[in-house]
Amino acid sequence: MANLNIVLFEPEIPANTGNIGRTCVATGTKLHLIEPLGFRLNEKSIKRAGMDYWKDLDVTRYINFEEFLEKNPGAKIYMATTKAPRVYSEVSYEEDCFIMFGKESAGIPEEILLENQDTAIRIPMIGDIRSLNLGNSVAIVLYEALRQHQFDHMQLEGHLTKYDWK
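Residues numbered from 1 in each chain as written. Predicted model: local features only at pLDDT ≥ 70, side-chain atom pairs only at ≥ 80, totals over all residues. Heavy atoms only, no water.

### Side note on the overall build of the protein
So, point 1. In terms of helices and strands, the protein carries 5 helices and 6 strands.
So, point 2. For the protein, the α and β elements follow one another from N to C terminus as β-α-β-α-β-α-β-β-α-β-α.
So, point 3. When the 166 residues of the protein are sorted by exposure, 45% land in the buried category.
So, point 4. Sequence-distant contacts in the protein: of pairs separated by 6 or more residues, those separated by 24 or more amount to 75%.
So, point 5. Accessible surface, the protein: about 9600 Å² in total, of which carbon and sulfur atoms supply 50%. (Helix = DSSP H or I, 4+ residues; strand = E, 2+ residues; numbered from the N terminus. Buried < 20%, exposed > 50% of the residue type's maximum accessible area, 1.4 Å probe, protein only. Contact = heavy atoms within 4.5 Å. Areas by Shrake-Rupley, 256 points an atom, 1.4 Å probe, with all protein chains shown as cover.)

This is the structure we're talking about:
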């Protein structure tokens, strides 16, 4: 079973984190939050976006990136950034890897990216778009990693039984 991990570096927008938390619950993915957070975890916007799922979420908070590294020694971390030369779908995601996304206003700090250039990934876009929404970016990359593991722990059938699809 794939034990995938999403890491949010200093997330700023509560609705994004709520949506990402909901996606993690729906996929059995662990969520890691690196502080400082730009909000309190009890804000209404998180509740609206997915906090009702928070009780089912496997989430860990860290004081900073150094604590994250200390508590996850040897972790294979893919860094999602618009600056990477490699496209996210060109990577073979290990079953226990971490996929890290930066804060909405600035992404992952340059000094962290420089130390992890070989695992930096990007989502292709056209034009002068700065970036995609953080929740959308997490879903795109996470579902590629899950697809590579044949959605091995997820229900792939049975959701259509409510309707007559003849």
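On we go from here.
### Concerning helix α1 (residues 14-27)
So, point 1. For α1, built from 14 residues, the straight-helix expectation of 20 Å at 1.5 Å per residue is met to within 8% by its first-to-last C-alpha distance of 20 Å.
So, point 2. Buried residues of α1: P14, N16, T17, G18, I20, G21, T23, C24 and T27, and no others.
So, point 3. At the exit of α1 stands G28, carrying a positive phi of roughly 70 degrees. (Expected span 1.5 Å × (residues − 1).)

### Description of a nonpolar patch on the surface
So, point 1. Among the surface-exposed residues, M125, I129, L132 and I140 lie close enough to one another that they form a single nonpolar patch of about 300 Å² accessible area.
So, point 2. Mapped onto the secondary structure, M125 falls in the loop between β6 (120-121) and α5 (134-148). (Patch = residues over 30% accessible without salt bridge, like charges linked within 9 Å, V, L, I, M, F, W, Y side chains within 5 Å. Salt bridge = Lys/Arg side-chain N within 4 Å of Asp/Glu carboxyl O.)

### Quick word on the layout of surface pockets
So, point 1. When its volume is computed, the largest pocket comes out at roughly 470 Å³.
So, point 2. Taken together, 24 residues form the lining of the largest pocket, with A80, T82, G107, S131 and L132 sitting closest to its centre.
So, point 3. At 3 residues, α5 tops the list of elements feeding residues into the lining of the largest pocket.
So, point 4. Residue composition of the lining of the largest pocket, grouped by class: 10 nonpolar, 9 polar and 5 charged. (1 Å grid on protein atoms, 1.4 Å probe; cavity = no way out; pocket = protein on both sides within 12 Å on 5 of 7 lines; lining within 4 Å. Points joined across faces, edges and corners; volume = space filled by probe spheres on them. Nonpolar A, V, L, I, M, F, W, Y, C, P; charged D, E, K, R; others polar.)

### Side note on α5
Each turn of an α-helix holds 3.6 residues, which means side chains three or four residues apart point in the same direction.
So, point 1. The end-to-end C-alpha distance of α5, which contains 15 residues, comes to 21 Å, matching closely the 21 Å that a straight helix rising 1.5 Å per residue would cover.
So, point 2. Those residues of α5 that sit buried are L134, G135, S137, V138, V141, L142, E144, A145 and L146.
So, point 3. Buried-residue contacts for α5 involve β1 (5-9), α1, β5 (98-101) and β6.
So, point 4. One side-chain oxygen of the residue at the start of α5 lies 2.8 Å from the amide nitrogen of G135, identifying that residue as N133.
So, point 5. Immediately downstream of α5, the backbone of Q150 shows phi near 55 degrees, a positive value. (Polar contact = N/O pair within 3.5 Å; in protein donor to acceptor, adjacent residues only side chain to side chain.)

### Some points on the packing of α1 against α5
So, point 1. Two elements in contact, α1 and α5, have axes separated by 9 Å at closest approach and are oriented at 20 degrees. Between α1 and α5, the angle falls in the class roughly parallel. The two elements α1 and α5 meet at a crossing, and its hand is right-handed. Along the contact surface, α1 presents N16, I20, T23 and T27, while α5 presents L134, G135, V138, L142, Y143 and L146.
So, point 2. Residue composition of the contact of α1 with α5, grouped by class: 6 nonpolar, 4 polar and no charged. (Axes fitted to C-alpha atoms, helices over the stretch in contact; angles between N-to-C directions. Parallel < 35°, antiparallel > 145°, perpendicular 65-115°, else oblique. Left-handed = near helix turned anticlockwise from the far one by under 90°.)

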